[in-house]
Amino acid sequence: MRIIIIGAVAAGTSAAAKARRNNEDAEIVIYEKDSFISYSGCGMPYYIGGEVESADELIPRDPAFFKSKYNVEILILHEVISISPDKKTVEVKNLLTGDIFVDSYDKLVFAMGASASVPPIKGTDGANVFTLRNIGDMTKIKVFINANNPKSATIVGTGFIGLEVCENLKGLGIEVTLVEMLPQVTPGLDSDMAVYVKEHIEKNGVTVLTSSSVSEITEGSVVLSDGKIIDADMILLSTGVRPNTALAKQAGVELGITGAIKVNNKMQTNVKDIYACGDCIEQYHVVTGKPIYRPMGSTANKTGRIAGDSLTGGSLEFKGVLGTGIFKIFDMTVAQTGLSEREAIMQGYDVQVCHNIKPNKPEYMGGKEMVIKGIADKASGRLLGTQIVGFDGVDKRIDVFVTAITFKAKVEDLFHLDLAYAPPFSTTKDPVMYTGMILDNAINKGRPLMTAQELEELIHSGEKYNLIDARASSQYEKNHIETADNIPQSKLRNASKNFDKDIIAITYCNKGVTGNAAQNILINQGFKKVYNLSGGHKHFSKMNLKDNTK
Ligand SMILES: Cc1cc2nc3c(=O)[nH]c(=O)nc-3n(C[C@H](O)[C@H](O)[C@H](O)COP(=O)(O)OP(=O)(O)OC[C@H]3O[C@@H](n4cnc5c(N)ncnc54)[C@H](O)[C@@H]3O)c2cc1C
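Residues numbered from 1 in each chain as written. Predicted model: local features only at pLDDT ≥ 70, side-chain atom pairs only at ≥ 80, totals over all residues. Heavy atoms only, no water.

1. Comments concerning the overall build of the chain
Summing up its helical and strand segments, the chain has 16 helices and 30 strands in all. For the chain, the C-alpha radius of gyration of 27 Å lies close to 24 Å, the compact-globule estimate for 550 residues. Each of the three principal axes of the chain carries a C-alpha extent, and together these read 90 × 55 × 45 Å. When contacts within the chain are restricted to residue pairs at least 6 apart in sequence, those whose partners lie at least 24 apart make up 64%. In the structure as shown, the chain presents an accessible area of about 24000 Å², 50% of it carried by carbon and sulfur atoms. (Helix = DSSP H or I, 4+ residues; strand = E, 2+ residues; numbered from the N terminus. Rg over C-alpha atoms; globule rule 2.2 N^0.38 Å. Contact = heavy atoms within 4.5 Å. Areas by Shrake-Rupley, 256 points an atom, 1.4 Å probe, with all protein chains shown as cover.)

So, in structure tokens, the structure goes:
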């Protein structure tokens, strides 16, 4: 059996290694048009910033390694230029010599990845304009910085790659401006979580321009669509990627609705003996079962392994993705998994959200707060998604949520997880458990939450309501929601006796705990509609910055 794989980064090399583990006799050849293989694209921002000192650390393997360890032939600077599925042949161009030759396969694997998408703007071909997709791009950026010592940079797009590069350029002393077309940064997050990220980026001295787009790039500057001109010695276009599908289309391979290659859960395309994996394929969502395109290294490795297994007769099957992602911006960690609130609503769920603000460990052990947004389905109680912004310990919480959502946990299940506790690591009830408790209270225990946005709408609706700030007077004096009355929780039992029990009441404290205690008092006194403000005054005041909706 002769297996030909196109592309030798994450997916292609994983497919080859797995195929070899299953089958000692197959001939396995990978054609790669680039000169680098099997590198860590994810580490590239840290080489630009100097944290990774040598590019070699990101490229630990070469073709000789694959030949000796796996008996896999990798031919670099060889581009597959066409495919004949009927004859089961590929046409390959040697990019060094220009020679073109034909090779034949029994099984063919597309692992062609994705390319940086460049917006149609005048001036993107300038010598100081970059994308960051591969080692060649990374080297160009590093060489430019070393040679030109830029003072200012503009990054277009605020996805995780743009933000990781932002942090690294800032670390080199370069003034960075982020330009984002949407009204918020980090497009994957809900806007009420993105405000924390934006605030943190700005706190670290980066200029953030949301609802802004670039209309032209000129030498040394970027022109925005509102006419504003920003100095920019260098520009990074970080505006997403698109799957490499030209060869697939030419071969009659079907694409999915996202525009990436459609595969089944064994990584087979619609064309016999052609498989596909990695960033060139469409995946499906674990929660909705619907197609999505999330080009991630984690998934490329997984789907590469499945392709390699499947084409050698193995039984591995793909089980979907949750769109899980995590990145660091300065000392903040941002992570998400599953459906966002926006996506859940679009999918037709009756959504319950909560904003849980808790330290990762006791404050006496140096704990720092994280904000967890939980998104659940009111009808079934199933957890649908989670977003977290915080510092230490965000990574382990997100992975607990990933596991819980994957195994279809209901919100009430989270409290019962036997999570590890000792003061250096966690709190007695972990923030994950609190998230479940808050959502369970809201969905199943008659303790509804009101979001900051819903409260804003209520305030402006003209409907009657009682907004009760249940904190101590000293805290109320410092800051409070304009229309709130201060009734500290300890006085609420008596004070509320004269209130109209039919009017909507909303309680709040700093983060939600005392607000919930106040809510319990009113509900137990027979009030009909009592809400606790999700995330308390702390979250409301962040939302009230209004910069997320500008
Ligand atoms: C800066 C950056 C940071 C990232 N950080 C993370 C992260 O933190 N976490 C995460 O999960 N993911 C991250 N990713 C994404 C991750 O790197 C990709 O998902 C992963 O590289 C995809 O692997 P792949 O093999 O499918 O595709 P690619 O890496 O795109 O490789 C495909 C290869 O195929 C070759 N090829 C294409 N067409 C042909 C042809 N016709 N003939 C021969 N060769 C061809 C290309 O030259 C390319 O080398 C990051 C990406 C970048 C750019």
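2. A short note on the site of the ligand
Every one of the 32 residues lining the ligand counts as a neighbour, but Glu32, Arg133, Asp279, Met296 and Gly297 are closest to it. At 2.9 Å, a backbone N or O of alanine 11 approaches an oxygen atom of the ligand. Between the ligand and the protein, one listed contact pairs an oxygen atom with a backbone N or O atom of glycine 297 at 2.9 Å. For the ligand, the accessible surface in isolation is 1000 Å², of which the surrounding protein chains cover 91%. For the shell around the ligand, the elements supplying multiple residues, two or more each, are helix H1 (10-22), strand S2 (27-32), helix H2 (44-48), strand S4 (78-84), helix H5 (160-171) and helix H8 (297-310). Classifying every residue of the shell around the ligand by side-chain character gives 19 nonpolar, seven polar and six charged. (Near = heavy atom within 4 Å. Polar contact = N/O pair within 3.5 Å; in protein donor to acceptor, adjacent residues only side chain to side chain. Nonpolar A, V, L, I, M, F, W, Y, C, P; charged D, E, K, R; others polar.)

3. Observations regarding the sheet that holds strand S25 (residues 383-390)
Pairing is antiparallel across the open sheet formed by five strands, whose spatial order is S21-S22-S25-S24-S23. Only two strands of the sheet have a single neighbouring strand rather than two, namely strand S21 (325-329) and strand S23 (351-359). Between one strand axis and the next, the sheet turns by 15° as a mean value, whatever way the strands run. In this structure, S21 lies alongside strand S22 (residues 332-338), joined through five bridges in antiparallel fashion. Paired with glycine 325 across the two strands is glutamine 336, which belongs to S22. In the packing of helix H10 (residues 394-406) onto the sheet, contacts are made with S21, S22, strand S24 (369-377) and S25, and the angle to S25 comes to roughly 175°. (Pairing = 2+ DSSP bridges. Axes fitted to C-alpha atoms, helices over the stretch in contact; angles between N-to-C directions.)

4. Here's the deal with the nonpolar core
One finds Met138, Leu169, Val197, Ile329, Leu455 and Ile506 to be the most contacted residues of the largest nonpolar core, which totals 60 residues. No other element matches the six residues that helix H6 (residues 191-203) contributes to this core. Dropping the residues within four chain positions of it, leucine 455 is found in contact with Met450, Leu467, Ile481, Ile506, Leu533 and Phe540. If you look at the next biggest cluster of nonpolar residues, it comprises 51 residues, including Ile37, Val90, Met267 and Ile306. (Core = buried A, V, L, I, M, F, W, Y, C linked by side-chain atoms within 4.5 Å. Buried < 20%, exposed > 50% of the residue type's maximum accessible area, 1.4 Å probe, protein only.)

5. What about the pattern of salt bridges?
Summed over the entire model, instances satisfying the criterion amount to 24 salt bridges. Between lysine 373 and aspartate 192 there is a salt bridge, with the nearest N and O atoms lying 3.0 Å from each other. On the criterion of sequence distance, the pair formed by lysine 373 in strand S24 and aspartate 192 in helix H6 is long-range, its members being 181 residues apart. On the basis of relative accessibility, which here comes to 8%, the residue aspartate 192 falls in the buried class. When salt bridges that share partners are traced, they join Lys88, Lys107, Lys272 and Asp273 into one network. (Salt bridge = Lys/Arg side-chain N within 4 Å of Asp/Glu carboxyl O.)

6. Observations concerning the layout of surface pockets
Approximately 470 Å³ is the volume attributed to the second largest pocket. Lining of the second largest pocket is provided by 23 residues; of these, Glu341, Ile345, Val353, Thr451 and Gln453 occupy positions nearest its centre. Only H6, helix H9 (341-346), S23, helix H12 (452-461) and helix H16 (536-543) provide two or more residues apiece to the lining of the second largest pocket. Here the residues of the lining of the second largest pocket are counted per class, giving eight nonpolar, seven polar and eight charged. (1 Å grid on protein atoms, 1.4 Å probe; cavity = no way out; pocket = protein on both sides within 12 Å on 5 of 7 lines; lining within 4 Å. Points joined across faces, edges and corners; volume = space filled by probe spheres on them.)

7. Focus on the packing of aromatic side chains
Applying the stated criterion to the full structure yields six aromatic pairs. Between phenylalanine 65 and phenylalanine 66 the ring centres are 5.4 Å apart and the planes differ by 85°, which places this aromatic pair in the edge-to-face class. Given the relative accessible area of 2%, phenylalanine 66 is considered buried. An aromatic cluster is present here, built from Phe65, Phe66 and Tyr70 joined pairwise through their rings. Cation over ring: lysine 142 sits above tyrosine 47, and NZ or CZ is 5.1 Å from the ring centre. Looking at lysine 358, its charged tip hangs above the ring of tyrosine 434, at a distance of 4.4 Å from the centre. (Phe/Tyr/Trp six-rings, centres within 6.5 Å; stacked < 30°, edge-to-face > 60°. Lys NZ or Arg CZ within 6 Å of the ring centre and 35° of its normal.)

8. As for H6
For H6, built from 13 residues, the straight-helix expectation of 18 Å at 1.5 Å per residue is met to within 8% by its first-to-last C-alpha distance of 18 Å. Along H6, the positions that sit buried rather than exposed are Asp192, Met193, Ala194, Val195, Tyr196, Val197, Lys198, His200 and Ile201. Positive backbone phi, at 85°, marks glycine 205, one or two positions downstream of H6. (Expected span 1.5 Å × (residues − 1).)

9. Quick notes on a negative patch on the surface
A surface patch of like charges, here negative, comprises Asp331, Asp392, Asp395 and Asp399. With respect to the element layout, aspartate 331 can be found in the loop between S21 and S22. For aspartate 331, a relative accessible area of 43% puts it in the partly exposed group. (Patch = residues over 30% accessible without salt bridge, like charges linked within 9 Å, V, L, I, M, F, W, Y side chains within 5 Å. Lys, Arg positive; Asp, Glu negative; His and termini not counted. Charge placed at Lys NZ, Arg CZ, Asp CG, Glu CD.)

10. Some points on the packing of H1 against H8
Two numbers describe how H1 lies on H8: the axes approach to 7 Å, and their chain directions differ by 35°. Once H1 is placed against H8, the crossing between them reads as right-handed. Counted together, Ala10, Ala11, Ser14, Ala15, Lys18, Ala19, Arg21 and Asn22 of H1 and Ala300, Asn301, Gly304, Arg305, Gly308 and Asp309 of H8 form the full contact between these two elements. Of the residues belonging to the contact of H1 with H8, the class tally is five nonpolar, five polar and four charged. (Left-handed = near helix turned anticlockwise from the far one by under 90°.)

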